[in-house]
Amino acid sequence: MNDILAGIDPLDLSVTALAWAADEAMRRGSRLRLLAALPPVHDRLPYDAIAHTRALRVRARTVLSNAQDIVRKLQPSLSTVTELVDGQPAAVLRDGTADAVLVVVGSRGLSRVGEVLSESSVSLPLTARADCPVVVVRAPAHITTYPPSLVVGVDGSPSCQAALALAVAEASLRRAHLRAIWVWPRPVLPHENAAEGLTQRRRLLAQSVAEWSARYPDVEIVQDVLRGHPVEQLRLASRSALALVVGRRGRGGYTGMRLGSTVRGLLHHAECPLITVPPSPQPELFEPPGRREEPRFRTDGQVCI
């Protein structure tokens, strides 16, 4: 399927996320699936639980109908479908990603502890396990900034080719330029050779984006190596971006981790929509229809955050 999946919260509809999903579906020529989930009730007596579930179901159907009306006003020609499914929202949306090219959700603004412990947490568990790229819209895209740009984080970890594939395809669709940023943390050892380290990282960054510059000659790719903390530097870059794209796993993670510390930090601090891309053996799968070519990747290609 070529669907864009939008998670609809029956208790707090994010119009910003809904509008982002509708615009993206229109750009890609995709259908938009509006999906709401009804979580099980654990903290009520059986009779109260039944009444509560019925009331929530009515509300969810109303919110789905309202969301569809909003989309029709924003994008009258866009094909949409609504779904109401029983289950924990994160798990329901995770299952839905198997048939989607992109899933879009809003942010409920939970603390880091709340994201880990709360049953209502969606963005963190979904980002960690989705089969397709996940867009978390906690802040709107900066559409008034000129020239329009997207940002992709690059740092030499094993998920960059897929992230770069999506980022450059998005930039092409939006007629925007792409800013590829390699954040170099402050040195631990005072005798580190700064000039040599900067030269090395610039070379690695250039190698990472070279393939995509050739495949997308219409996209200007600006390369930056910045000093500092990855979350802080990418947060600052997100202040003027249409979207910030990062790979799901980052440097410094241990075996079994699905999210690097950079992604976790950006889920709470990015100042534009955050697109997290899972690793893929075929990065071209993240390209929109009409731009796919035979893969031409090196097996030792550099990778990103």
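Notes on the structure in this doc start here. (Residues numbered from 1 in each chain as written. Predicted model: local features only at pLDDT ≥ 70, side-chain atom pairs only at ≥ 80, totals over all residues. Heavy atoms only, no water.)

**Some words on the overall build of the protein chain**
Counting secondary structure elements, the protein chain contains nine helices and ten strands. Burial status across the protein chain gives 50% buried among its 305 residues. Put simply, of all contacts in the protein chain between residues at least 6 apart along the chain, 82% involve residues at least 24 apart. Entry remark: accessible area of the protein chain is about 14700 Å², with carbon and sulfur atoms responsible for 52%. (Helix = DSSP H or I, 4+ residues; strand = E, 2+ residues; numbered from the N terminus. Buried < 20%, exposed > 50% of the residue type's maximum accessible area, 1.4 Å probe, protein only. Contact = heavy atoms within 4.5 Å. Areas by Shrake-Rupley, 256 points an atom, 1.4 Å probe, with all protein chains shown as cover.)

**Comments concerning the sheet that holds strand 6 (residues 149–154)**
Ordered in space as 3-2-1-4-5-10-9-6-7-8, the ten strands form an open sheet in which the pairing is mixed. Each of the sheet's edge strands pairs with one partner strand only, and the pair in question is strand 3 (80–86) and strand 8 (221–227). For this sheet the average axis-to-axis angle between neighbouring strands, irrespective of direction, equals 25°. Lying over the sheet, helix 7 (residues 194–215) contacts strand 6, strand 7 (177–184) and strand 8, oriented at roughly 150° with respect to strand 8. (Pairing = 2+ DSSP bridges. Axes fitted to C-alpha atoms, helices over the stretch in contact; angles between N-to-C directions.)

**Some details on the packing of helix 8 (residues 230–238) against helix 9 (residues 261–269)**
Packing of helix 8 against helix 9 brings their axes to within 9 Å, and their N-to-C directions diverge by 40°. Classed by the angle they form, the pair helix 8 and helix 9 counts as oblique. Note that helix 8 runs across helix 9; the crossing there is right-handed. Contacts from P230, V231, L234 and R235 in helix 8 reach S261, T262, G265, L266 and H269 in helix 9. Among the residues making up the contact of helix 8 with helix 9, the classes are represented as four nonpolar, four polar and one charged. (Parallel < 35°, antiparallel > 145°, perpendicular 65-115°, else oblique. Left-handed = near helix turned anticlockwise from the far one by under 90°. Nonpolar A, V, L, I, M, F, W, Y, C, P; charged D, E, K, R; others polar.)

**Things to note about the pairing of strand 1 (residues 3–7)**
Of all five residues in strand 1, five are buried, a share of seventy percent or more. Here strand 1 shows a buried face lined by D3, L5 and G7 and a second buried face lined by I4 and A6. Relative to strand 2 (residues 32–38), strand 1 runs parallel, the two being bridged by four bridges. Its bridge partner being in strand 2, G7 is matched across the sheet by L35. One crossover worth recording links strand 1 to the parallel strand 2 by way of helix 1 (residues 15–28), and it is right-handed. (Right-handed = clockwise from strand over helix to strand, strands pointing away.)

**Looking at the environment of W212**
Residue placement: W212 occurs in helix 7. Residue W212 is classed as buried on the basis of its relative accessible area, which comes to 0%. As for W212 and L164, which are separated by 48 residues in sequence, their C-alpha atoms are 7.5 Å apart.

**What to know about the nonpolar core**
If you look at the biggest cluster of nonpolar residues, it comprises 53 residues, and the most contacted ones within it are L32, V152 and L178. In terms of residues, this core owes the most to one element, helix 6 (residues 160–174), which gives ten residues. If we ignore the near neighbours within four places in the chain, the residues touching L178 are L150, V151, V152, A167, V168, A171, V219, E220, I221 and V222. If you look at the next biggest cluster of nonpolar residues, it comprises 33 residues, including V122, L124, A241 and L244. (Core = buried A, V, L, I, M, F, W, Y, C linked by side-chain atoms within 4.5 Å.)

**Considering helix 7**
Between the first and last C-alpha of helix 7 there are 32 Å, a value that for 22 residues agrees with the 32 Å anticipated at 1.5 Å per step. Those residues of helix 7 lying buried are G197, R201, L204, L205, S208, V209, W212 and R215. On the buried face of helix 7, the contacting elements are strand 6, helix 6, strand 7 and strand 8. (Expected span 1.5 Å × (residues − 1).)

**A closer look at the pattern of salt bridges**
For the coordinates displayed, the defined rule picks out 14 salt bridges. Of the charged contacts, one joins R174 and E24 as a salt bridge, the two residues approaching to 3.2 Å between their closest N and O atoms. Pair noted here: R174 is in helix 6 and E24 is in helix 1, with a separation of 150 residues, a long-range link. Neither residue differs from the other here; R174 and E24 are each classed as buried. Two residues, R33 and E83, come together in a salt bridge whose shortest N-O distance is 2.8 Å. With a gap of 50 residues between them, R33 in strand 2 and E83 in strand 3 connect regions that are remote in the sequence. For E83, a relative accessible area of 26% translates into the label partly exposed. Salt bridges here are not isolated pairs; linked through shared partners, they connect E24, R27, R28, E170 and R174. (Salt bridge = Lys/Arg side-chain N within 4 Å of Asp/Glu carboxyl O.)

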